[in-house]
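Observations on chain architecture
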Amino acid sequence: MRICWVMISLACCAAAEEETKTWGVTADLTVATKYMTDGFNVGGDHTAWMPSIAINTTVPGFFLMFWSALPVNRDRQQYDEYDFMARYSHNFFEDSLFKVNLHGYFDYWVYPHDELTKDKNGQTIAPQNFRGLKFHGGLSLLELLPLFGAHLVPSYNYYYWTPDQKNLFQAGAHHEIFLSYSHELPTFIPGAKRQDFTLGGSLNYHDGVLGVEPGWSHTTAHASTSLDALGCTFGASVNYQWSYITSVDPENEFWATVSVTKKF
């Protein structure tokens, strides 16, 4: 359903994405202690692989992406998820205090091993894959709040899910207010070219997607680091969620991720 961040080391962050005017490929492999996204714990407390591949286009800021989540325990294949995405990110007002990053995506997601046998009204239907469409739009103010040589970055993100077949599940939206702070660190590892540290947090509101109770559903806190070395970017994060609506998540959650990204 690609409810996440999540990009993937910090799924909820709305950071500015690197733009390119040439074709290229970026591959990523993330391992998460659990698949947490938009307040939902997908698949329970089980480790998941999250491989993805993105294809940059000649249109600056526009790229195509395949993303997936695969439980390490292959007895839980019903939680396999495939996402086919078109993404866009671009900075405007580059030399201004009000420099802004606009970003968004269109996503067709499917759970190939999970079947629905009832629609959103509880009526029996012919078995079919759990699948649908997701739309995202957001903005980040990149240079409005300088702090200690970097910037606090406030972001707003809007996510909307809808089935590709009438009444398959309840459509709805998620609103996210995010605040992040990133700073470059001195490199102390031999061969490292750059290292960053990021802190972030979010406040989230659900309006009823998948039949959840509408309201302020959860808040999150995140800490992550990334390191450029050996021609790759290595990342790690720790994350915590305070949950307020049981139909979104009945428990508070802690999870961590590690990732490696390679551009070709």
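**Describing the pairing of strand β12 (residues 194–206)**
Where strand β11 (residues 172–185) meets β12, 12 bridges bridge the pair, whose relative direction is antiparallel. If you follow Glu 176 over to β12, its bridge partner there is Asn 204. Sheet topology note: the β12/strand β13 (residues 215–229) ladder contains 13 bridges and is antiparallel. The residue bridging Phe 197 from the neighbouring strand is Thr 225, located in β13.

**Brief notes about the pairing of strand β10 (residues 150–162)**
The sheet contact formed by strand β8 (residues 124–141) and β10 spans eight bridges and is antiparallel. Bridge assignment links Gly 137 to a residue of β10, and that residue is Tyr 158. Relative to β10, strand β9 (residues 145–147) runs antiparallel, the two being bridged by three bridges. If you follow Pro 146 over to β10, its bridge partner there is His 151. Where β9 folds back on β10, the antiparallel hairpin that results is connected by two residues, among which Phe 148 adopts a positive phi of roughly 55 degrees. Bridge count between β10 and β11: 11 bridges; the pairing is antiparallel. Looking at β11, one finds that Pro 154 is bridged to Leu 179.

**Overview of the pattern of salt bridges**
Within this structure, the stated rule accounts for nine salt bridges. For Asp 80, the salt bridge goes to Arg 74, with nearest N and O atoms at 2.7 Å. Residue classification places Arg 74 among the partly exposed positions, given a relative accessible area of 36%. Glu 184 is the partner of Arg 194 in a salt bridge, and the nearest nitrogen-oxygen pair spans 3.0 Å. Within this pair, whereas Arg 194 is found in strand β12, its partner Glu 184 is found in strand β11, the two being separated by 10 residues in sequence. Through salt bridges with shared partners, a single network forms among Lys 34, Asp 45 and Glu 253.

**Describing the packing of aromatic side chains**
Two descriptors summarise a pair of aromatic rings, namely the distance from one centre to the other and the angle between the planes of the rings. Counting across every chain of the model gives 11 aromatic pairs. When the ring of Trp 109 is compared with that of Phe 130, the centres are 5.0 Å apart and the planes differ by 75 degrees; the resulting orientation is edge-to-face. One end of the pair, Trp 109, is in strand β7 (residues 100–118); the other, Phe 130, is in strand β8, and 21 residues separate them in sequence. In this structure Trp 109 comes out as buried when scored by relative accessible area, which is 0%. Pairing Tyr 205 with Trp 216 gives two aromatic rings, centres 5.2 Å apart and planes at 75 degrees, and the pair type is edge-to-face. With a gap of 11 residues between them, Tyr 205 in strand β12 and Trp 216 in strand β13 connect regions that are remote in the sequence. These aromatic residues form a ring-pair network of at least three members: Trp 109, Tyr 111, Phe 130 and Phe 169.

**Considerations on unusual backbone geometry**
Despite not being glycine, Leu 210 has its phi angle at roughly 65 degrees, a positive value. Phi at Leu 230 is positive, roughly 60 degrees, even though this residue is not glycine. The residue Leu 230 is located in the loop between β13 and β14 (232–243) in this model.

Cut-offs used in this document
Residues numbered from 1 in each chain as written. Predicted model: local features only at pLDDT ≥ 70, side-chain atom pairs only at ≥ 80, totals over all residues. Heavy atoms only, no water. Pairing = 2+ DSSP bridges. Helix = DSSP H or I, 4+ residues; strand = E, 2+ residues; numbered from the N terminus. Salt bridge = Lys/Arg side-chain N within 4 Å of Asp/Glu carboxyl O. Buried < 20%, exposed > 50% of the residue type's maximum accessible area, 1.4 Å probe, protein only. Phe/Tyr/Trp six-rings, centres within 6.5 Å; stacked < 30°, edge-to-face > 60°.

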